[in-house]
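Listed below are the residues making up each chain.
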Amino acid sequence: MTKSIPGNLHVANDVLADIVGNAAMECYGVVGMTAPNAADGIAKILPASRLRRGVVVNSTEAGVRVELYVVIEYGTNITTVSQNLIDQVTFALTEYARVPVEDVEVHVQDVKVRR
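Nothing here was measured: the structure is a model prediction, and the numbers come from that model. (Residues numbered from 1 in each chain as written. Predicted model: local features only at pLDDT ≥ 70, side-chain atom pairs only at ≥ 80, totals over all residues. Heavy atoms only, no water.)

## Description of the pattern of salt bridges
Here is step 1: Overall, the coordinates contain 6 salt bridges when judged by the stated rule.
Here is step 2: Between D103 and R65 there is a salt bridge whose closest N-O contact spans 3.3 Å. Residue D103 is located in strand 4 (residues 101–112), and its partner R65 is located in strand 3 (residues 64–73); the two are separated by 38 residues in the primary sequence.
Here is step 3: Since its relative accessible area comes to 25%, D103 is described here as partly exposed.
Here is step 4: We classify R65 as partly exposed; its relative accessible area is 30%.
Here is step 5: One network of salt bridges, with partners in common, ties together R65, E102, D103 and E105. (Salt bridge = Lys/Arg side-chain N within 4 Å of Asp/Glu carboxyl O. Helix = DSSP H or I, 4+ residues; strand = E, 2+ residues; numbered from the N terminus. Buried < 20%, exposed > 50% of the residue type's maximum accessible area, 1.4 Å probe, protein only.)

Have a look at this one:
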């Protein structure tokens, strides 16, 4: 589009969570997403239809803050996978949703062998 339309665009946090969940699952080394509150202490991998439950998105004045709760593949470098996640999520939010990103936190809940 070459023509600019005046107005404001508001994107719901659930939509942003879907974008983040899909971007995270495309990252090498990520086995799955988990719920942030593992009540029994065991991280259960969420099905693809419920990826947004493993993502917490909060809007602030400076942009959005994202928390990811992931399960990483055994044998991968956790630091490298986490940095790739941060880069992938930041890219997806800034390019697709056009929202500024303040912070991305990665919480590794478990390490599992990919099946």
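## Overview of the pairing of strand 4
It is a general feature of regular strands that their side chains alternate between the two faces of the sheet.
Here is step 1: For strand 3 and strand 4, the ladder comprises 10 bridges, and the chain directions are parallel. Its bridge partner lying in strand 4, Y69 is registered against H107.
Here is step 2: Note that the unit made of strand 3, helix 2 (residues 78–97) and strand 4 has a crossover that is right-handed. (Pairing = 2+ DSSP bridges. Right-handed = clockwise from strand over helix to strand, strands pointing away.)

## Here's the deal with the packing of helix 1 (residues 13–25) against helix 2
Here is step 1: Relative orientation of the contacting elements helix 1 and helix 2 amounts to 135 degrees, with a least axis distance of 9 Å. Overall, the two elements helix 1 and helix 2 adopt an arrangement that is oblique. When the axes of helix 1 and helix 2 are compared, the crossing they make is right-handed. Where helix 1 approaches helix 2, its residues L16, I19, V20, A23 and A24 are matched on the opposing element by L85, Q88, V89, A92, L93 and A97.
Here is step 2: Grouping the constituent residues of the contact of helix 1 with helix 2 by class yields 10 nonpolar, 1 polar and no charged. (Axes fitted to C-alpha atoms, helices over the stretch in contact; angles between N-to-C directions. Parallel < 35°, antiparallel > 145°, perpendicular 65-115°, else oblique. Left-handed = near helix turned anticlockwise from the far one by under 90°. Contact = heavy atoms within 4.5 Å. Nonpolar A, V, L, I, M, F, W, Y, C, P; charged D, E, K, R; others polar.)

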